[in-house]
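Spelled out, the chains give:
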Amino acid sequence: MPSSPLAGITELDDLVADLSRFELALETFAQKLQLDLPQFPADHISVRCHQVATAERWRRGFEQCGSLLSETTINGRPICLFDLAEPLRVCSWQIDLVELPYPGERRYPHEGWEHVELVLPGDPETLYARALTCLSDEALLAPGIKLKYSSPQGENERLPNPTLAISDGSVTIKFHPHTLREIVASEQA
């Protein structure tokens, strides 16, 4: 098994240790949703933490294995995107973009890896309907499955990039029509 690009970075030891838990939870959740994960390109992976001190520590760690692609304020808190020098292997993907949101008012059940975002290219207006067609009806009706449709937007964002989040409370899969690299490019245009 290839070593993680995060291995050996003390500030990220907890995230290295948490990755196998996240992968197992993600694969289990995808099976419950009857969702074939490899058919979708993974745009990025995201972490969640409760304290600014943890976010700062993770930031210092990600700066050692990548570069800050973007830092913007969304919903009143900083969101950092790190472009990893070497991709992180997550399930069947090679993911080179990590989202580090600083803590907000919401408390998550677990500090560590929280979601993966998948690109579903197409018209942002039809994202919700297109994403729902990827899931079985029985999966959508399963107890404990929550869907949340939102349109978070950065200060200078020019491309609409709505998100459909599907969660079981421990792991989340999100769909959106544009990659975050396209969004960052739109902010800089």
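Cut-offs applied
Residues numbered from 1 in each chain as written. Predicted model: local features only at pLDDT ≥ 70, side-chain atom pairs only at ≥ 80, totals over all residues. Heavy atoms only, no water. Helix = DSSP H or I, 4+ residues; strand = E, 2+ residues; numbered from the N terminus. Rg over C-alpha atoms; globule rule 2.2 N^0.38 Å. Buried < 20%, exposed > 50% of the residue type's maximum accessible area, 1.4 Å probe, protein only. Contact = heavy atoms within 4.5 Å. Areas by Shrake-Rupley, 256 points an atom, 1.4 Å probe, with all protein chains shown as cover. Phe/Tyr/Trp six-rings, centres within 6.5 Å; stacked < 30°, edge-to-face > 60°. Pairing = 2+ DSSP bridges. Axes fitted to C-alpha atoms, helices over the stretch in contact; angles between N-to-C directions. Polar contact = N/O pair within 3.5 Å; in protein donor to acceptor, adjacent residues only side chain to side chain.

### What about the overall build of the protein chain?
So, step 1. Counting its secondary structure elements, the protein chain contains five helices and eight strands.
So, step 2. Overall, the protein chain shows an N-to-C arrangement of helices and strands of α-β-α-β-β-β-β-α-α-β-β-β-α.
So, step 3. Relative to a compact globule of 189 residues, whose C-alpha radius of gyration would be 16 Å, the protein chain shows 16 Å and is just as compact.
So, step 4. Dimensions of the protein chain, computed from the C-alpha atoms along their principal axes, are close to 45 × 40 × 30 Å.
So, step 5. Relative to its full complement of 189 residues, the protein chain shows a buried share of 50%.
So, step 6. Look at the contacts in the protein chain between residues 6 or more apart in sequence, and 66% of them connect residues 24 or more apart.
So, step 7. Counting only carbon and sulfur atoms, one obtains 51% of the accessible surface of the protein chain, whose full area is about 9,200 Å².

### Re the packing of aromatic side chains
So, step 1. The tally for this structure, following the rule as stated, stands at three aromatic pairs.
So, step 2. Where phenylalanine 40 meets phenylalanine 175, the ring centres are 5.4 Å apart and the plane angle is 75 degrees; that geometry is what we call edge-to-face. You can see phenylalanine 40 sitting in the loop between α1 (13-33) and β1 (42-48) and its partner phenylalanine 175 sitting in strand β8 (residues 172-176), a full 135 residues away along the chain. Comparing phenylalanine 40 with phenylalanine 175, the two get one shared label, buried.
So, step 3. On the basis of an interplanar angle of 85 degrees and a centroid distance of 5.4 Å, the ring pair of tyrosine 128 and tyrosine 149 is categorised as edge-to-face. Taken together, the residues span a long stretch of sequence, with tyrosine 128 in helix α3 (residues 127-132) and tyrosine 149 in strand β6 (residues 146-150) at a distance of 21 residues.
So, step 4. On the basis of relative accessibility, which here comes to 36%, the residue tyrosine 128 falls in the partly exposed class.
So, step 5. Looking at tyrosine 149, the relative accessible area reads 39%, which means it is partly exposed.

### A look at the sheet that holds β1
So, step 1. Within the open sheet, the eight strands sit side by side as β2-β3-β4-β1-β5-β8-β7-β6. Their pairing is mixed. Of all the strands in the sheet, just β2 (66-74) and β6 have a single pairing partner and so form its edges. Put simply, the sheet's adjacent strands are angled 25 degrees from each other on average, direction ignored.
So, step 2. Bridging between β1 and strand β5 (residues 112-119) involves six bridges; their strand directions are antiparallel.

### A few points about the environment of glutamate 114
So, step 1. Residue position: glutamate 114 is located in strand β5.
So, step 2. The sequence separation of glutamate 114 and alanine 25 amounts to 89 residues, and the corresponding C-alpha distance is 9.9 Å.
So, step 3. A polar side-chain atom of glutamate 114 sits 3.1 Å from a polar atom in the side chain of threonine 172.

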